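# Structural overview for review
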Amino acid sequence: MNEKTATGFSSLQETLVTHFKWFHSHPELGHHEWETTARIRDILADAGVEILDTGLKTGLVARIGNGGTVVALRCDIDALPIAEATGLDYASKNGCMHACGHDFHLTSMLGAAMLLKQRERQLTGAVKLIFQPAEEVANGAISVLASGALDDVAEIYGLHTTPGMPVSMIGVSPGAAYAAVGAFTIRIHGKGGHAAHPHECRDPIVALSQIIGAAQTIVSRRTNPFEPVALSFTHVEAGNTWNIIPEEAFAEGTIRAAGREQFNAIMRRLERICKGVQEICGVQIDFHCVLNAPAVHNDGELVEFVKQTAQELGLKTGPSAPTMGGEDFAFYQERIRGVFWNIGVASPEPAHNPRFIANPAALGTASALLSAIAEKSLKRLSSVE
Ligand SMILES: [Zn+2]
Ligand SMILES: [Zn+2]
C-alpha cells in the first residue's frame, strides 16, 4: 500500500468509525428504522449517490454507475429488543441494541458507496446498494423484492459479522450456509374440569405432552441422519393451579432444515402428529406454521470469486461452517445468483447477546471488499455479454 492510499484508507476508516458509533447508539427495530434511514439517506446524498424511488417505508435502495449490467450489494439495518450491557461509551440507551452487527453492515455499505462513487466512471454497469429493513423479523427482503428494485440484478452479495473470527477475516463456503427457518404454534382446545375427575374432561395438557413426545421422533426416526434438521419447542403454556384441568394448552417452537422442501416435509409430519393426537385425545387442535426464510445457499463459482477478491485485498480467508440460524438474504438467492459471507469482528460474546461488540477496526476492509466485488463482478459480467 503506498502512502497516498494508506492516508485515503485511514481517513475513510475514521469517517466510518464515526458513522458506526452514531448508528450503534441509535438502534431501531425492524420496520421502525426511521432515524436510521434518514441518516443513511443524508450520508449518501452528501456523497452524491442517487437514491431510487422504491416506495419502501424504511430502508432504501441506492444506485451508482450507468445502465447495462446490474449487480447488488445488500446490508440490513434493524436492531434487536435487547438492553445493551457492553459498557461502551457509544452504547445504546434506548432499550434496543445493534446486537447482531447490522450497524456494522450498513456502515461498511456506506463505505462501499463512497469508494464506488469515486470509481463511478470506471464501472462497466451499475451497482444497486440495498439498505434492507427488518431482517430480524424476516420480511424485509420480501418488501425489497416486491418493490421491483432488483428485477434487473444479475448477481447479489452480502456479508454478516461473525463474533468468533479474528477482525477482518473472511469466512465463506459453497453450498448451505444458513438453514430454512420457520415458526409453528399449536393451540389445543380441550374440556376443563376437576383434576379428580379426568374422565369427565378432555385434558389438553396430556394431548400437548403426547405431541411434544411424538415430535421428537420426526428428527430421530423419520429424518436421514445425514440431513441437518432441528425441531425445538420453546414456549409451552397451560393451566394455573394444582387441581384444575385447564380448557386450553399452547405451544410454539421452530423448525430448521436444509431447504424449503425439507422444511415443508417436517412441517407436514408435525401437522400429522397433531391430527393423530386430536383423534386419540378427543380435543380440537389448531396448528399453524410459517416459513420465515428459506436456506442461504452460496453459488460455488461465485464463492471462489469472492475468496480470490478478498485475497487480492490481502485479507485472510477460510471456510465458514453452516449454521441452523436463519437469514432472509435467502429470498434474494432464490431469484438471483449470489454469495453471503462472514466477516470477523472478534466480539467477546455471541450475536444477540447484550455484551456483543463488533470491532469497528474491520469496517474499512469490509467496505473495500464490497466495492471491489461489485466492480469486478460488473467487469466479469460485461465481458461475457
Ligand atoms: Zn440477528
Ligand atoms: Zn443479523
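Below is a summary of the structure that appears in this document. Just so we're clear, the structure is a prediction, and the values are computed from it rather than from any experiment.

## Let's talk about the coordination of the zinc ion (ligand 1)
Around a metal, the idealised angle for a tetrahedral arrangement of four donor atoms is 109.5 degrees; for an octahedral arrangement of six donor atoms it is 90 or 180 degrees. Distances from the zinc ion (ligand 1) to its protein donors, C100 (SG), E136 (OE), E136 (OE) and H352 (NE2), fall at 2.0 to 2.8 Å. Expressed as a motif, the donor residue spacing for the zinc ion (ligand 1) is C-x35-E-x215-H. In this model, the zinc ion (ligand 1) sits 3.2 Å from the zinc ion (ligand 2), the two metals being bridged by C100. Here H352 lies in the loop between β16 (337-344) and α9 (363-384) and E136 lies in the loop between β4 (126-132) and α4 (140-146), a separation of 216 residues in the sequence.

## What to know about unusual backbone geometry
Glycine aside, residues mostly have negative phi angles, and peptide bonds mostly take the trans form. The backbone phi angle of H31 is positive, close to 70 degrees, even though this residue is not glycine. The residue H31 is located in the loop between α1 (3-25) and α2 (34-46) in this model. Although it is not a glycine, S168 adopts a positive phi angle of roughly 75 degrees. Take S168: it is sitting in the loop between β5 (155-162) and β6 (170-171).

## A closer look at the coordination of the zinc ion (ligand 2)
Of the protein atoms, only C100 (SG), H102 (NE2) and H160 (NE2) coordinate the zinc ion (ligand 2), at distances of 2.1 to 2.4 Å. In the primary structure, the donors to the zinc ion (ligand 2) are separated according to the pattern C-x1-H-x57-H. For H102, a relative accessible area of 0% puts it in the buried group. Overall, the relative accessible area of 6% leaves H160 in the buried class.

## Quick notes on the pattern of salt bridges
Scanning all chains against the criterion turns up 15 salt bridges. As a salt-bridge pair, E50 and R63 come within 3.0 Å of each other at their nearest N and O atoms. Placement of E50 in strand β1 (residues 50-51) and of R63 in strand β2 (residues 60-65) is noted, with a sequence separation of 13 residues between them. With a closest N to O distance of 2.8 Å, E334 and R260 form a salt bridge. You can see E334 sitting in helix α8 (residues 329-335) and its partner R260 sitting in helix α6 (residues 260-281), a full 74 residues away along the chain. For R260, a relative accessible area of 37% corresponds to the partly exposed category. Beyond isolated ion pairs, a larger network of salt bridges with shared partners links E155, D299, E301, R337 and R380.

## Observations concerning a positive patch on the surface
A contiguous patch of positive charge, built from R222, R268, R272 and K275, is present on the exposed surface. Position of K275 relative to the elements: it lies in helix α6.

Cut-off values and rules
Residues numbered from 1 in each chain as written. Chains lettered and ligands numbered in written order. Predicted model: local features only at pLDDT ≥ 70, side-chain atom pairs only at ≥ 80, totals over all residues. Heavy atoms only, no water. Donors = N, O, S within 2.8 Å, 3.2 Å for Na, K, Ca; no water. Helix = DSSP H or I, 4+ residues; strand = E, 2+ residues; numbered from the N terminus. Buried < 20%, exposed > 50% of the residue type's maximum accessible area, 1.4 Å probe, protein only. Salt bridge = Lys/Arg side-chain N within 4 Å of Asp/Glu carboxyl O. Patch = residues over 30% accessible without salt bridge, like charges linked within 9 Å, V, L, I, M, F, W, Y side chains within 5 Å. Areas by Shrake-Rupley, 256 points an atom, 1.4 Å probe, with all protein chains shown as cover. Lys, Arg positive; Asp, Glu negative; His and termini not counted. Charge placed at Lys NZ, Arg CZ, Asp CG, Glu CD.

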